[in-house]
Amino acid sequence: MAKKIIKKIKLQIPAGKATPAPPVGPALGQVGIPIGDFVNKFNDATKGMLGDIIPTDITVYEDRSFTFVLKTPPASSLILKAVGVEKGSGKNLVSKAGKITKAQIKEIAEKKMKDLNAGDIEAAMKIIEGTARSMGIEVK
């Protein structure tokens, strides 16, 4: 018989840098998950992705066991990394924060494809381009 799910938690945690401090500790502590166990498993699973923020879906079961699924980093953080800026423009129509090429857009779209609601790579590229434009990044 399948285990009964009592809660699903969504967190965004820096890869390889999970600690029992907030936001991880309090979110997991209130449902009774052993925090140290999660932190060790998460850090081991994300060793190769250092520097990225990893969205994580944690499923907590009735017997206080858990599973977690790692998603791809947010499109906005991948765009900022590709452009080499710290943050986007606050006024995207007035001032531009940087420029990104179609090749970089395609690379990000391929990386994000499994998490995007797109039928093919062209649709995924349009989603990423829209995100870039809303951040004040010029698409060339």
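In case you missed it, the structure is sitting above this.
These numbers were taken from a predicted model, which means no experiment stands behind them.

## Here we look at the packing of aromatic side chains
Stage number 1. With the rule as written, the count across this model stands at 5 aromatic pairs.
Stage number 2. Their ring planes at 75 degrees and their centres at 5.3 Å tell us that Phe 38 and Phe 68 sit as a pair that is edge-to-face. Of this pair, Phe 38 sits in helix H2 (residues 35-45) while Phe 68 sits in strand S3 (residues 66-70), and the two are 30 residues apart along the sequence.
Stage number 3. Residue classification places Phe 38 among the buried residues on the basis of a relative accessible area of 0%.

## Observations regarding the environment of Thr 67
Stage number 1. Mapped onto the elements of the fold, Thr 67 is located in strand S3.
Stage number 2. Distance in space between the C-alpha atoms of Thr 67 and Ala 82 is 31 Å, their sequence separation being 15 residues.
Stage number 3. Discounting residues that sit within four places of it in the chain, Thr 67 has contacts with Asp 57, Ile 58, Thr 59 and Tyr 61.
Stage number 4. Separated by 3.3 Å, the side chains of Thr 67 and Tyr 61 make a polar contact.

## Points about helix H5 (residues 121-134)
Stage number 1. Relative to the 20 Å expected for 14 residues at 1.5 Å per residue, H5 spans 20 Å between its end C-alpha atoms, a close match to the ideal helical length.
Stage number 2. Along H5, the residues that are buried comprise Ala 124, Met 125, Ile 128, Glu 129 and Ala 132. Axial view of H5: buried residues confined to an arc of 140 degrees, hence all on one face.

## Quick look at the side chain of Thr 72
Stage number 1. Here Thr 72 shows up in the loop between S3 and helix H3 (75-83).
Stage number 2. Of the polar contacts made by the side chain of Thr 72, one reaches the side chain of Lys 112; its length is 3.3 Å.

## Observations concerning the sheet that holds S3
Stage number 1. One open sheet accounts for 3 strands, arranged S1-S2-S3; its pairing is antiparallel. Two strands in the sheet have a free side with no partner beyond their single neighbour: strand S1 (5-14) and S3. Looking at each pair of strands side by side, their axes are set apart by 20 degrees on average, direction ignored.
Stage number 2. Two elements, strand S2 (residues 53-61) and S3, share 5 bridges in a ladder whose sense is antiparallel. Each bridged residue has a counterpart across the sheet, and for Ile 58 the counterpart in S3 is Phe 68.
Stage number 3. Strand contacts of H2: S1, S2 and S3, with the helix running at about 30 degrees to S3, the strand carrying the most contacts.

## Quick notes on the pattern of salt bridges
Stage number 1. According to the stated counting rule, one finds 8 salt bridges in the structure shown.
Stage number 2. A salt bridge links Asp 63 to Lys 3, with the nearest nitrogen and oxygen atoms 3.9 Å apart. Of the two residues, Asp 63 is situated in the loop between S2 and S3 and Lys 3 in the segment before S1; the sequence distance between them amounts to 60 residues.
Stage number 3. The residue Glu 129 makes a salt bridge to Arg 133 at a minimum N-O spacing of 3.8 Å. Of the two residues, Glu 129 and Arg 133 are both situated in helix H5; the distance of 4 residues between them amounts to about one turn of the helix.

Reading guide: rules and limits
- Counting starts from 1 at the beginning of each chain's written sequence and moves along it residue by residue.
- Given that the model is predicted, a residue must reach a pLDDT of at least 70 before its local features are reported, and side-chain atom pairs must reach 80 or more before they are shown or counted; all residues, however, enter totals for whole chains, interfaces and linings.
- The basis for every side-chain value is the complete set of non-hydrogen atoms in the structure, without hydrogens or water.
- Here the aromatic set is Phe, Tyr and Trp, taking the six-membered ring for Trp, and pairing holds for ring centres within 6.5 Å; pairs whose planes are under 30 degrees apart are stacked, those over 60 apart are edge-to-face, and all others are tilted.
- The numbering of helices and of strands both runs from the N terminus, where a helix is a DSSP run of H or I of at least 4 residues and a strand a run of E of at least 2.
- Throughout, exposure labels follow a simple rule: accessible area from a 1.4 Å probe, protein chains only, divided by the maximum for the residue type, with under 20% read as buried, over 50% as exposed, and the rest as partly exposed.
- Here a residue-residue contact requires only that any non-hydrogen atoms of the pair lie within 4.5 Å.
- In protein, a polar contact requires one atom able to donate a hydrogen and another able to accept it; more generally it is a pair of N or O atoms within 3.5 Å, and residues adjacent in sequence count only if both atoms are side-chain atoms.
- In this scheme, a helix's expected span is set at 1.5 Å multiplied by one less than its residue total.
- Our arc is simply the arc of the directions from the helix axis toward the C-beta atoms.
- By definition, two strands form a pair when at least two bridges between them are found by DSSP.
- The axes are straight lines fitted to the C-alpha atoms, using for helices just the contacting stretch, and the angles between their N-to-C directions are given from 0 to 180°.
- Every case where a carboxyl oxygen of Asp or Glu lies within 4 Å of a side-chain nitrogen of Lys or Arg is listed as a salt bridge.

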